[in-house]
Amino acid sequence: MRLQALEAGQGPPLVLLHGLFGSARNWGAVQKALAAEYRVVALDLRNHGAAPHARGMSYAAQAEDVAETLAALGIESAALLGHSMGGKVAMMLALTRPDMVGRLIIADIAPRPYAPALRAVVAAMQAVPLHAGLTRAEADQALRAAVPEAPIRSFLLQNLRFETAPPSWRIGLAEIADAMPEIEDFAPPKGARFEGPALAMAGALSPYIRADDHAAFGALFPRIGFVSIPRAGHWLHAENPEGFLAALENFLTA
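What you see is a predicted model; the values in this text were computed from it and never measured.

Asker: So, the overall build of the chain: which residues are in play, and what are the values?
Answerer: The helix and strand inventory of the chain stands at ten helices and nine strands. Over its C-alpha atoms the chain spans a radius of gyration of 18 Å, differing by no more than 12% from the 18 Å that the globule rule assigns to 254 residues. Taken over the C-alpha atoms alone, the chain extends approximately 50 × 40 × 35 Å along its principal axes. Taken across its 254 residues, the chain has 51% of its residues classed as buried. Long-range contacts, defined as pairs at least 24 residues apart, comprise 75% of the intrachain contacts of the chain with a sequence gap of at least 6. Taking the average location of the 21 positive side-chain charges in the chain and that of its 24 negative ones, the two points are 1 Å from each other.

Next comes the structure, spelled out in structure tokens:
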């Protein structure tokens, strides 16, 4: 599948992969900050942003989407940064197509399955009454019970097109709902390892990367380093952009 790409800058290619319910546009500030030194390519993963919708979201399939898109863009090898779900896609591409990944950066996700904590959020999004005249305030209220955090509701509602009649989801919500078991899972190919330089970036306030995940990282990525971004939770690139960019640029230029 050919994915939608947003590009900025010139130089060595740096590819950015967003997380669940996100899009390439989530990387706008990071892309702008790095465009002076890099060709920064942010991709919409399948069923997200402006990418095509399709059933099945295994990480092997999503990694193939990225590989196909990079080949179409003339990128043979790139530094690859993925956040959350995008981090798992990045890890899978590095393990299956190491020739395409010069450096690997994994932002606040570990190479393991996660509990189905977000299925209630998906169900709440599917339950939003998409009737003519639906307002953002009404949609926000519909999500409130499942998503008490206002910033996260605002993030989710970026995917709702109020300009259509009736409003409609931009993302492939039905496809995402069906694929939640695949999204929660992670099964690296047996015996696969990525021997290039890698970095795992954790939000200091986030529970997504635990100390006991370090061994699993090391088994797959023997040259991996670890950094904790202070004053940041799971959305570390948005919650502490200065700290995130400092750690990222240090790794890219090391």
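Now that the structure has been shown, we can carry on.
Asker: Residues and numbers for the environment of Gly82, please.
Answerer: Note that Gly82 resides in strand E4 (residues 78–83). Residue class for Gly82 comes out buried when judged on its relative accessible area of 0%. When the C-alpha positions of Gly82 and Gly102 are compared, they lie 14 Å apart, and in sequence the two are 20 residues distant. Residues in contact with Gly82, not counting those within four places in the same chain, are Leu17, Gly87, Ala90, Ile105, Ile106 and Ala107.

Asker: I'd love a proper account of helix H7 (residues 173–184), names of residues and values included.
Answerer: Over its twelve residues, H7 runs 16 Å from end to end, which matches the ideal 16 Å to within 8%, given 1.5 Å per residue. Within H7, the full set of buried residues consists of Leu173, Ile176, Ala179, Met180, Ile183 and Glu184.

Asker: So what's going on with the pattern of salt bridges? Residues and values would help.
Answerer: In total, this model carries eleven salt bridges according to the counting rule given. With its nearest N and O atoms 3.0 Å apart, the salt bridge here joins Arg210 to Asp212. Salt bridges here are not isolated pairs; linked through shared partners, they connect Asp140, Arg144 and Arg153.

Asker: Give a description of the packing of aromatic side chains that names residues and reports values.
Answerer: Enumeration over the complete set of coordinates arrives at six aromatic pairs. Over the ring of Phe251 we find Arg103; its NZ or CZ atom is 5.0 Å from the centre of that ring. Looking at Arg112, its charged tip hangs above the ring of Tyr114, at a distance of 4.1 Å from the centre.

Asker: Tell me about helix H2 (residues 59–72), and please be specific about residues and values.
Answerer: In a regular helix each residue adds 1.5 Å, so 14 residues correspond to 20 Å; H2 covers 20 Å between its end C-alpha atoms and thus fits that length. Looking at the buried residues of H2, the elements they touch are strand E2 (13–17), strand E3 (39–44), helix H3 (85–96) and H7. Two residues or fewer past H2, Gly74 is found with a positive phi of approximately 75 degrees.

Asker: Quick one: what's the story with the side chain of Asp108, residue by residue and with numbers?
Answerer: Note on placement: Asp108 falls in the loop between strand E5 (101–107) and helix H4 (119–127). Buried charged residue Asp108 carries no salt bridge. Nearest counter-charge: Arg112, at 9.2 Å. Not counting residues up to four positions away in its chain, the partners in contact with Asp108 are His83, Ser84, Met201, Ala202, Gly203, Ser206, Tyr208, Ile209, Gly233, His234 and Leu236.

Asker: Which residues make up the nonpolar core, and what are the values?
Answerer: The tendency in soluble globular proteins is for nonpolar side chains to be buried side by side. Of all hydrophobic cores here, the largest spans 65 residues; its most connected members are Phe21, Leu104 and Phe221. Look past the residues within four positions of Phe221 in its chain and what remains in contact with it is Met91, Ala94, Leu95, Leu104, Ile106, Phe194 and Ala198. Core analysis: the second largest hydrophobic core is formed by 24 residues, Val30, Ala79, Leu81 and Leu236 among them.

Asker: Which residues make up the sheet that holds E5, and what values do they have?
Answerer: Across the sheet, seven strands lie side by side as E1-E3-E2-E4-E5-E8-E9; this open sheet has mixed pairing. In the strand order of this sheet, the two ends are held by strand E1 (4–8) and strand E9 (224–229), each with one partner. Looking at each pair of strands side by side, their axes are set apart by 20 degrees on average, direction ignored.

Asker: Give a detailed account of the packing of helix H5 (residues 136–143) against helix H6 (residues 150–157), specifying residues and quantitative values.
Answerer: Where H5 meets H6, the closest approach of the two axes is 10 Å, and the angle between their N-to-C directions is 120 degrees. Put simply, H5 runs oblique to H6. Considering the relative orientation of H5 and H6, their crossing is right-handed. Contacts from Arg136, Ala139, Asp140 and Leu143 of H5 reach H6 at Arg153, Leu156 and Leu157. Class assignment for the residues of the contact of H5 with H6 results in four nonpolar, no polar and three charged.

Asker: Give me the lowdown on the pairing of E3, citing residues and values where you can.
Answerer: Most of E3 sits inside the fold, with five of its six residues counted as buried. The sheet contact formed by E1 and E3 spans five bridges and is antiparallel. Residue pairing across strands places Ala5 opposite Leu43, the latter belonging to E3. Bridge count for E2 against E3 is five bridges, and the pairing is parallel. Among the inter-strand pairings, Val15 is bridged to a residue of E3, identified as Val41. The parallel pair E2 and E3 is bridged by helix H1 (residues 28–34), and the resulting crossover is right-handed.

Parameters at a glance
Residues numbered from 1 in each chain as written. Predicted model: local features only at pLDDT ≥ 70, side-chain atom pairs only at ≥ 80, totals over all residues. Heavy atoms only, no water. Helix = DSSP H or I, 4+ residues; strand = E, 2+ residues; numbered from the N terminus. Rg over C-alpha atoms; globule rule 2.2 N^0.38 Å. Buried < 20%, exposed > 50% of the residue type's maximum accessible area, 1.4 Å probe, protein only. Contact = heavy atoms within 4.5 Å. Lys, Arg positive; Asp, Glu negative; His and termini not counted. Charge placed at Lys NZ, Arg CZ, Asp CG, Glu CD. Expected span 1.5 Å × (residues − 1). Salt bridge = Lys/Arg side-chain N within 4 Å of Asp/Glu carboxyl O. Phe/Tyr/Trp six-rings, centres within 6.5 Å; stacked < 30°, edge-to-face > 60°. Lys NZ or Arg CZ within 6 Å of the ring centre and 35° of its normal. Core = buried A, V, L, I, M, F, W, Y, C linked by side-chain atoms within 4.5 Å. Pairing = 2+ DSSP bridges. Axes fitted to C-alpha atoms, helices over the stretch in contact; angles between N-to-C directions. Parallel < 35°, antiparallel > 145°, perpendicular 65-115°, else oblique. Left-handed = near helix turned anticlockwise from the far one by under 90°. Nonpolar A, V, L, I, M, F, W, Y, C, P; charged D, E, K, R; others polar. Right-handed = clockwise from strand over helix to strand, strands pointing away.

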